[in-house]
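# Topology and contacts: notes
If you want the building blocks of each chain, they are given just below.
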Number of protein chains: 2
Amino acid sequence: MAPRSALKRQVNRLPPERRISDIMAAAKQVFAEKGYNDALITDIALRAGVVEGSIYRFFANKRELLVKVVEHWFEELLQEDAEQFAAVRGSWNQIRFLVYNHLTSIRRDPALSRLMFQEIRPAPDYRGSRLFDLNRAYTHRLVDVVKAGIASGELRPDTSPSLVRDLVFGCIEHRTWTFLRGEGDYDPAETAEAITNLVYRGVALDEPTSPMESVVARLETATARLEAAAGIAPAKPNSPGPR
Amino acid sequence: MAPRSALKRQVNRLPPERRISDIMAAAKQVFAEKGYNDALITDIALRAGVVEGSIYRFFANKRELLVKVVEHWFEELLQEDAEQFAAVRGSWNQIRFLVYNHLTSIRRDPALSRLMFQEIRPAPDYRGSRLFDLNRAYTHRLVDVVKAGIASGELRPDTSPSLVRDLVFGCIEHRTWTFLRGEGDYDPAETAEAITNLVYRGVALDEPTSPMESVVARLETATARLEAAAGIAPAKPNSPGPR
DNA sequence: GGCGATGATGAATGATATTTATTAGTGCCG
DNA sequence: CGGCACTAATAAATATCATTCATCATCGCC
């Protein structure tokens, strides 16, 4: 066939790992700035210093690139606070820690959180994907907390751990949509405290009694309010649940 | 310029209202079946018996068409159960009614619910849109329930109504994602009961006591289970209704 | 029964993701 | 050393839609 061009071509000779990470870094920026649909492969290629076609050597298509970028972010998220969490004692403090952490993660990376909620999770191939497993591990910490709380006799034995998980993470996501659309802000400490109190009352046999642990306390910006609320609570034991 | 075609054209002469409703009906089907992105204007036009260009006489673009379709659906949803709800007494029953209704609406129209959650709500122009107002009205009923419950002394005075709203609707949406992706199902009655009990305990001064009202009971698909659970609850009459 | 006005038509346009023919490098074998 | 085959980068071409617009069918009016 006829030659397509007579121009001399510049060839990018960086090693593949480097080009991949350049592409992913560029993609992360562009997806975050413009969202999935408005992010152009051309933009990403330009910012990564490669040409469109090169992206397709490493990623099957635009969506796979998105998935890889979000996976990478989520993996970091998951590791970040594992040892901190291990030090927290008591159901109330543990729930609060996880709520606070989630609120903080969303606030730190609203654009990627949005991509996760809006583009990744609703997709029909989400279940079975790596991100599904990662997210499961992430939210499962709360399930374990509830199970442990039941086992130790602190929480009602008829509590459904997965329902608590949906209650907590659902509430957080619902509450953060305004922020995710760029229309407002929230105080993670204050919000975490309010959510935790409400949920804890729903699952505990007694009102919160665990001492505020230092790990958690350090995260607080509204400690005074918290202690006031803890003082109010009437300590009335509950009847055992249905079934 | 040169004529574009020598073929005789068939002209659709239905009245505009009819063509608009045909287009919206077709769009509703196609969006529901394929989702926003994979729905082609060509498909919609074909199914509506009009030509692509005609759609643009009535709708500025594909997205406006989507918004109008979802608005239409949501408006019906909002009216449907207003008088039913008015008959429900007691915070527990009211919360349960709203939760049950939402779970049922999602289950009845998963595709449109998805479009609402995935395409409409995250958009930057959502706030200020008609759907924002409609959704606000929809969820505000729960806010009113909580406010009334506080006023009547049934619920804790330090309860945040908007937090309860986010807790409840967030939980429901989180819990329904599996179903929305077409991967499972749930029993609205059972789920509503579980959510309501958990949330109610978090906000109530005492354990749930309202009798199951007939309006709610009629909606049940798992009546037996519900009544068993109700049998357990200590029968203590409630303070009078809202306001 | 011609004459504008109205609005329906569907081919053209434009924007983008993706594919592919082509070519720049790279190293091996003679 | 110098062609030669292989790999991988390039950018032009293609494919897929949403959207626009020049044209024309139809209707009401005279």
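Here goes a summary of the coordinates provided. All figures in this text were calculated on a predicted structure; none of them were measured in a lab.

## Quick look at the relation of the copies chain A and chain B
- It takes a turn of 180° to lay chain A on chain B, together with a shift of 0.0 Å along the axis; the resulting RMSD is 0.1 Å. Interpreted geometrically, this transformation is the action of a two-fold axis.
- A shared interface surface links the copies, since 88% of the contact residues of chain A are contact residues in chain B too.

## A closer look at the layout of surface pockets
- Approximately 940 Å³ is the volume attributed to the largest pocket.
- Considering the residues around the largest pocket, the lining is formed by 36 residues, among which N37(A), E119(A), N37(B), Q118(B) and E119(B) are closest to the centre.
- Of the residues in the lining of the largest pocket, the class split is 17 nonpolar, 6 polar and 13 charged.

## Points about the interface of chain A and chain B
- Chain A puts 41 residues into the contact, and the matching count from chain B is 39 residues.
- Between chain A and chain B, the buried area comes to about 3,700 Å², and carbon and sulfur atoms account for 55% of it.
- Residue E183(B) pairs with R127(A) through a salt bridge whose shortest N-O separation is 2.8 Å.
- Counting every contact that joins chain A to chain B gives 15 residue pairs in polar contact (both at pLDDT 80 or more).
- Of all the secondary-structure elements, those providing two or more residues to the side of chain A that touches chain B are α7 (110-120), α9 (161-180) and α10 (188-203) of chain A.

## Focus: the environment of S91(A)
Residue and element names in this part refer to chain A.
- Tracing the backbone shows S91 in helix α6 (residues 91-108).
- Judged by relative accessible area, which is 3%, S91 ranks as buried.
- For the pair S91 and Y200, spaced 109 residues apart in the sequence, the C-alpha separation amounts to 8.3 Å.

## Observations concerning the side chain of R121(A)
- You can see R121(A) is positioned in the loop between α7 and α8 (130-151).
- According to the relative accessible area criterion, R121(A) is buried, its value standing at 9%.
- A polar contact of 2.9 Å, which involves the side chain of R121(A), links it to the side chain of E173(A).
- Non-local contacts of R121(A), meaning those with residues more than four positions away in its chain, are made with M116(A), Y126(A), E173(A), H174(B), W177(B) and R181(B).

## Describing the packing of helix α1 (residues 16-38) of chain B against helix α2 (residues 41-48) of chain B
Residue and element names in this part refer to chain B.
- Relative to each other, α1 and α2 sit at 135°, their axes nearing to 8 Å. One way to sum up the angle between α1 and α2 is to call them oblique. Judged by the twist between their axes, the crossing of α1 over α2 is right-handed. Residues D22, I23, A26, A27, Q29, V30, F31, E33 and K34 of α1 touch α2, and the partners they reach there are D43, I44, R47 and A48.
- Classifying every residue of the contact of α1 with α2 by side-chain character gives 7 nonpolar, 1 polar and 5 charged.

## Quick notes on the packing of helix α4 (residues 62-80) of chain B against helix α8 (residues 130-151) of chain B
All names here are of chain B.
- One can describe the packing of α4 onto α8 by two numbers: an axis separation of 10 Å at closest approach and a directional angle of 25°. For the element pair α4 / α8, the angle class is roughly parallel. Our pair here, α4 against α8, has a crossing hand that is left-handed. In contact with V67, V70, E71, F74, E75 and L78 of α4, α8 contributes R130, L131, L134, N135, A137, Y138 and R141.
- Its residues assigned to classes, the contact of α4 with α8 comprises 8 nonpolar, 1 polar and 4 charged.

## So, the packing of aromatic side chains
- Within the structure shown, the criterion is met by 16 aromatic pairs over all chains.
- One aromatic cluster is present, built from ring pairs that chain together W73(A), F74(A), Y138(A) and F169(A).
- Above the face of the F85(B) ring, R141(B) is positioned so that its terminal group lies 5.6 Å from the ring centre.

Definitions and limits used
- Residues numbered from 1 in each chain as written.
- Chains lettered and ligands numbered in written order.
- Predicted model: local features only at pLDDT ≥ 70, side-chain atom pairs only at ≥ 80, totals over all residues.
- Heavy atoms only, no water.
- Least-squares fit on C-alpha atoms with pLDDT ≥ 70 in both.
- Contact = heavy atoms within 4.5 Å.
- 1 Å grid on protein atoms, 1.4 Å probe; cavity = no way out; pocket = protein on both sides within 12 Å on 5 of 7 lines; lining within 4 Å.
- Points joined across faces, edges and corners; volume = space filled by probe spheres on them.
- Nonpolar A, V, L, I, M, F, W, Y, C, P; charged D, E, K, R; others polar.
- Buried area = accessible area lost by both parts, 1.4 Å probe.
- Salt bridge = Lys/Arg side-chain N within 4 Å of Asp/Glu carboxyl O.
- Polar contact = N/O pair within 3.5 Å; in protein donor to acceptor, adjacent residues only side chain to side chain.
- Helix = DSSP H or I, 4+ residues; strand = E, 2+ residues; numbered from the N terminus.
- Buried < 20%, exposed > 50% of the residue type's maximum accessible area, 1.4 Å probe, protein only.
- Axes fitted to C-alpha atoms, helices over the stretch in contact; angles between N-to-C directions.
- Parallel < 35°, antiparallel > 145°, perpendicular 65-115°, else oblique.
- Left-handed = near helix turned anticlockwise from the far one by under 90°.
- Phe/Tyr/Trp six-rings, centres within 6.5 Å; stacked < 30°, edge-to-face > 60°.
- Lys NZ or Arg CZ within 6 Å of the ring centre and 35° of its normal.

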